[in-house]
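What follows is the residue order along each chain.
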Amino acid sequence: MDFDYTDEQKALKDEARRFLADASPIPVVRGVLDNPERGHDEALWSRIAEQGWCGAAIPEAYGGHEIGYVELCGLAEELGRSLAPVPFASSIYQYAEALLAEGSEEQKQELLPAIASGEAIGTIAVSEGPGTVSAKRMTTRYANGTLTGTKLPVADGMAAGKAIVLAMGSDGPVLALTDLSGPGVSRQMVQTVDPTRGAATIVFDNAPAQVLGEGGDGIAALARIHSRSAVLMSFEQLGGADRALEMARDYALERYAFGRPIGSYQAIKHKLADVFIRNEVARASAYYGAWALSTNAEELPVAAAAARIAGCNAYWQAAKENIQTHGGVGFTWEYDCHLHYRRARHLGLALGSAKVWKRKLTDLLEAQRAASQAERQAA
Amino acid sequence: MNFDDTPAEASYRAKVREWIAANKPDLTALPPEERLVWTEGHKNAMRQWQATKAAGGYACITWPKERGGAGGTQIEDVIFSQEETNAEIHDPYYITGLKMLIPAIYQFNDDAKFAERVPRAVRGEEIWCQLFSEPSSGSDSAGIRTAAVKQGDEWVINGQKVWNSGAAHADYGLLITRTDPDQPKHKGLTAFWLKMDTPGLEVRPIKTMGGDSELNEVFFDDVCIPDEQRVGNVNDGWSVVLATLMNERAAIGQSNGLTWSDMMDLAASIETDEGTVMDDRAFRDLIADLYVDLEARRLIGFRILTAISRGQSPGPEGSAAKLLWSGGTQTMMSEALDMLDQFGLVQDSTLSPRAGAYQQRFLWSCGLRIGGGTDEIQKNIIAERVLGLPADVRVDKGVPFREIPSGR
Ligand SMILES: Cc1cc2nc3c(=O)[nH]c(=O)nc-3n(C[C@H](O)[C@H](O)[C@H](O)COP(=O)(O)OP(=O)(O)OC[C@H]3O[C@@H](n4cnc5c(N)ncnc54)[C@H](O)[C@@H]3O)c2cc1C
């Protein structure tokens, strides 16, 4: 048992932090915020790609560097902390993981090398409108090798060259792979609460597509993919939450009211202590998720759901209390507090809300309980 | 990061699981009222268990052999505790002495007289208690008033301690006194170890709101303690307090009790028109929340152990773990009673689920938020030591102790 980053992993994280401090300072983030049509910062994306981060967990056989999942988690934490405006989450935690977990050998060979090098960007398109997508209410269709329907919002949908799309096939939901620059696809930027991570409405009209891997139940496949993405994204959430807490702490030390730093008032101290506890819960849950992901443990679905819920809670709590601790200036466009408030909600919704994940977690725990009871009865 | 047992850990776990199953105390042999903690029957069964563990090489696993330990690793100690928990062995008598007090005293004293006590404690022959808190000194743990005055080779003690867990059952105690009231609060304290049957010492049990008498008052009326039982230097008792509290924090990560899975069992046993409480949407969301917090507490415990096993001292994560545990337990018990609906009121060992454990813990959980540092003090610790926020405005700083105002 060992429950921390190794020294080498820590060194990699420190290096990543230094790199991002230089490559992705706040003006870079604001450059996208103030020009939402950009969706992401292309120069930053190229620099990140040059670092080899995109291929950190992708096997060498598919053009990756195969450094490891815990290492990728460390990078995610730093990306979250720096608010980097890049499509890393869509392309790496989601699209690449989808290919790795569910793609056919051919699809992996064909598509992963360009993702690992950062030349290509991919995404996953699930949502269609208000509420959680379900097999019953899904309108996008997959038939005869083509997709028809509308997906909204699709994270990094303008930047991505390819997408994996959840659609209704003849025998139930499937995941279909399509070229977003190909025929039958039209897309348009959509405004979101976090312009530093772009999004699109994508309309498919008989767009050519192929099933991902062997096909099969697309909702179940998506759940397997989401477990992997959730762990990785929980590290971005953790990094952001830690940063938001630091900002609040720093301000509480500098800002005086009634002749003393506001950070000396217990109402502020205890509030920030509560944020710290939420962050520790997120950290512990994320680490456990990283272990499950890196070892492909059977605990992965439960660990991922817990990491997701804890990550959503922590970043939300830290981001909103950071604004509160700042008072009026925290409410301005000029101060950076709102960048975390926006990003916290972007990450909190991008894989489905914490509410949905709570349901999922309890379902999993119940199934586990039933299985262990059956085992006991058999014995 | 690795949560799997290594092959060596797995084989150790298998070995101790088998050993515990073969040797564990049989509480069913006791009359039902004697199966509860802090009763003579339960205490004697646990005394026997401690002796069995010592003979088997499973007591104080991390301590060197010459101190009566097993010379084992931190991880082995954790694995053994986990397996004890799985076997539903709950022992509140020896933890204070073996996990908190004796290791702290050892940092200051390794003389023959103290060393003689240690193997006896390991074998369960002697129980230790913590004599720190006083009527005017709880959270303000340096506000000690119990006085120690040097007379020849002895110290004469007068004053009162309170909230001392297990003092009525204890054979020895670690005592903090004030030796110089003219110095500021944290200076002028001195620690001693002493026998609980020393003349002039009187223990009076306190009935807690839970109905048990785990806690006690301890009165000192001209109690004489030889100077050789002083722990650390004169007027340096605060260092002893800090050493003890550090151990306490590390021990908290390992404590156990009813958890989310017990709540699921209870919910599944309560019928509703839709099935069981397990089918209730709001309850399902609650289980997810409880799971996340309580598992995180468990995992934070592992983080603390990882730090210890790398030779680092555990950070204030312990405060976070304690808050998650105490708050989580109280919330959980309140929800358990609510899901039983009106029947939740019934606290009867023959009628209530798990012999009334939920009701008992509903009451007991209030103490959890107070003992070992209150919720508020834990948050102060996090705010000041982790986040580096300023300490409270202190009106007692640098003031000679005898001039500090005291309320009720
Ligand atoms: C179950 C249990 C077991 C215990 N076991 C032992 C034992 O074995 N040995 C021993 O010596 N003691 C023991 N104690 C005592 C325990 O350490 C004290 O009760 C505790 O530290 C609180 O002190 P107090 O009771 O004097 O409350 P107070 O310190 O008077 O606190 C009253 C309230 O004021 C708040 N408060 C106090 N100071 C501050 C502050 N600076 N900022 C914000 N809020 C503050 C507290 O959080 C609390 O809510 C035990 C207590 C319990 C409940």
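All of these numbers come straight from a predicted model, not from anything done at the bench.

Notes on helix α1 (residues 7-23) of chain B
Because each turn of an α-helix spans 3.6 residues, side chains separated by three or four positions in sequence point in the same direction. Residues and elements named next belong to chain B. If you check α1, its first and last C-alpha atoms are 24 Å apart, about what 17 residues at 1.5 Å a residue would give, namely 24 Å. Residues of α1 that are buried include every one of Glu9, Tyr12, Arg13, Val16, Trp19 and Ile20, and no others. For α1, the angular spread of buried residues about the axis comes to 135°, placing them on one side. When the buried face of α1 is taken as reference, the exposed residues oriented beyond 90 degrees from it are Pro7, Glu18, Ala21 and Ala22.

A word on the pairing of strand β5 (residues 172-179) of chain A
All names here are of chain A. Buried residues dominate β5, accounting for 7 of its 8 residues. Sheet topology places strand β4 (residues 162-169) next to β5; 8 bridges connect them, and they run antiparallel. Paired with alanine 163 across the two strands is threonine 178, which belongs to β5. Hairpin connection, β4 to β5: the antiparallel pair is bridged by 2 residues.

Structural notes on the pairing of strand β7 (residues 199-211) of chain A
Residue and element names in this part refer to chain A. Looking at chain direction, strand β3 (residues 146-155) and β7 are connected through 8 bridges and run antiparallel. Residue pairing across strands places threonine 146 opposite proline 208, the latter belonging to β7. Two elements, β5 and β7, share 3 bridges in a ladder whose sense is antiparallel. Across the sheet, the residue bridging to leucine 177 is glutamine 210, located in β7. Relative to β7, strand β6 (residues 185-189) runs antiparallel, the two being bridged by 5 bridges.

Examining the interface of chain B and chain A
With 46 residues of chain B in contact, the opposing surface of chain A contributes 46 residues. Counting each side, the surface lost to burial between chain B and chain A is near 4,600 Å², with a carbon and sulfur contribution of 64%. Applying the counting criterion to the chain B and chain A interface returns 8 salt bridges. Where Glu366(A) meets Arg284(B), a salt bridge forms, and the shortest distance between an N and an O atom there is 2.8 Å. One can count 15 residue pairs in polar contact (both at pLDDT 80 or more) joining chain B with chain A. Only α7 (260-268), α8 (281-309), α9 (317-339) and α11 (375-386) of chain B provide two or more residues apiece to the side of chain B that touches chain A. Here the side of chain B that touches chain A gets 15 residues from one element, more than from any other, and that element is α8(B). Broken down by class, the residue content of the side of chain B that touches chain A amounts to 26 nonpolar, 5 polar and 15 charged.

Focus on a negative patch on the surface
A cluster of acidic side chains, namely Asp273(B), Glu274(B), Asp279(B) and Asp280(B), defines a negative patch on the protein surface. Judged by its relative accessible area of 42%, Asp279(B) falls in the partly exposed class.

Things to note about the domain arrangement of chain B
All names here are of chain B. Annotation of chain B at the domain level lists domain 1 (7-91), domain 2 (128-235) and domain 3 (254-386). The centre of domain 2, based on its C-alpha atoms, is set 32 Å off from the matching centre of domain 3. Contacts between domain 2 and domain 3 engage 4 residues on the former and 5 residues on the latter. For the pair domain 2 and domain 3, the summed buried surface comes to about 360 Å²; carbon and sulfur atoms form 66% of the total. Sorting the residues of domain 2 by area buried against domain 3 places Ser139, Met209 and Gly210 first, and these three jointly supply 84% of that buried surface. Our count for the contact surface shared by domain 2 and domain 3 stands at 0 salt bridges. For the interface between domain 2 and domain 3, the tally reads 0 residue pairs in polar contact (both at pLDDT 80 or more).

Observations regarding the environment of Glu403(B)
Residue and element names in this part refer to chain B. Tracing the backbone shows glutamate 403 in the segment after α11. Of the residues examined, glutamate 403 reaches a relative accessible area of 56% and is grouped as exposed. Taking the C-alpha atoms as reference, glutamate 403 lies 46 Å from arginine 47; in sequence the two are 356 residues apart.

Observations concerning the packing of helix α5 (residues 88-102) of chain A against helix α6 (residues 105-117) of chain A
Residue and element names in this part refer to chain A. Orientation of α5 relative to α6, taken along the N-to-C sense of each, is 160°, at an axis distance of 10 Å. By the angle between their directions, the pair α5 and α6 is classed as roughly antiparallel. In this structure, α5 crosses over α6, and the sense of that crossing is left-handed. Here Ser91, Ile92, Tyr95, Ala96, Leu99 and Leu100 of α5 come into contact with α6, specifically with Gln107, Lys108, Leu111, Leu112 and Ile115.

Describing the packing of helix α9 (residues 300-326) of chain A against helix α11 (residues 354-378) of chain A
Residue and element names in this part refer to chain A. Interhelical geometry of α9 versus α11 gives an angle of 150° and a closest axis separation of 9 Å. Here α9 is positioned roughly antiparallel relative to α11, judged by the angle of their axes. Crossing handedness for the pair α9 and α11: left-handed. Residues Pro301, Val302, Ala304, Ala305, Ala306, Arg308, Ile309 and Cys312 of α9 form the contact with α11, whose participating residues are Ala354, Trp357, Lys358, Leu361, Leu364, Leu365 and Gln368.

A closer look at the environment of Phe114(B)
Residue and element names in this part refer to chain B. In this structure, phenylalanine 114 sits in helix α5 (residues 112-122). Here phenylalanine 114 falls in the buried class, since its relative accessible area comes to 0%. Sequence spacing of phenylalanine 114 and arginine 284 is 170 residues, and the spatial spacing of their C-alpha atoms is 53 Å. Not counting the four nearest positions on each side in its chain, phenylalanine 114 is found in contact with Ile102, Ile105, Tyr106, Asn109, Trp128 and Trp193.

Each value, and the rule that gives it
Residues numbered from 1 in each chain as written. Chains lettered and ligands numbered in written order. Predicted model: local features only at pLDDT ≥ 70, side-chain atom pairs only at ≥ 80, totals over all residues. Heavy atoms only, no water. Helix = DSSP H or I, 4+ residues; strand = E, 2+ residues; numbered from the N terminus. Expected span 1.5 Å × (residues − 1). Buried < 20%, exposed > 50% of the residue type's maximum accessible area, 1.4 Å probe, protein only. Arc of directions from axis to C-beta. Pairing = 2+ DSSP bridges. Contact = heavy atoms within 4.5 Å. Buried area = accessible area lost by both parts, 1.4 Å probe. Salt bridge = Lys/Arg side-chain N within 4 Å of Asp/Glu carboxyl O. Polar contact = N/O pair within 3.5 Å; in protein donor to acceptor, adjacent residues only side chain to side chain. Nonpolar A, V, L, I, M, F, W, Y, C, P; charged D, E, K, R; others polar. Patch = residues over 30% accessible without salt bridge, like charges linked within 9 Å, V, L, I, M, F, W, Y side chains within 5 Å. Areas by Shrake-Rupley, 256 points an atom, 1.4 Å probe, with all protein chains shown as cover. Lys, Arg positive; Asp, Glu negative; His and termini not counted. Charge placed at Lys NZ, Arg CZ, Asp CG, Glu CD. Domains from an automatic or database assignment. Axes fitted to C-alpha atoms, helices over the stretch in contact; angles between N-to-C directions. Parallel < 35°, antiparallel > 145°, perpendicular 65-115°, else oblique. Left-handed = near helix turned anticlockwise from the far one by under 90°.

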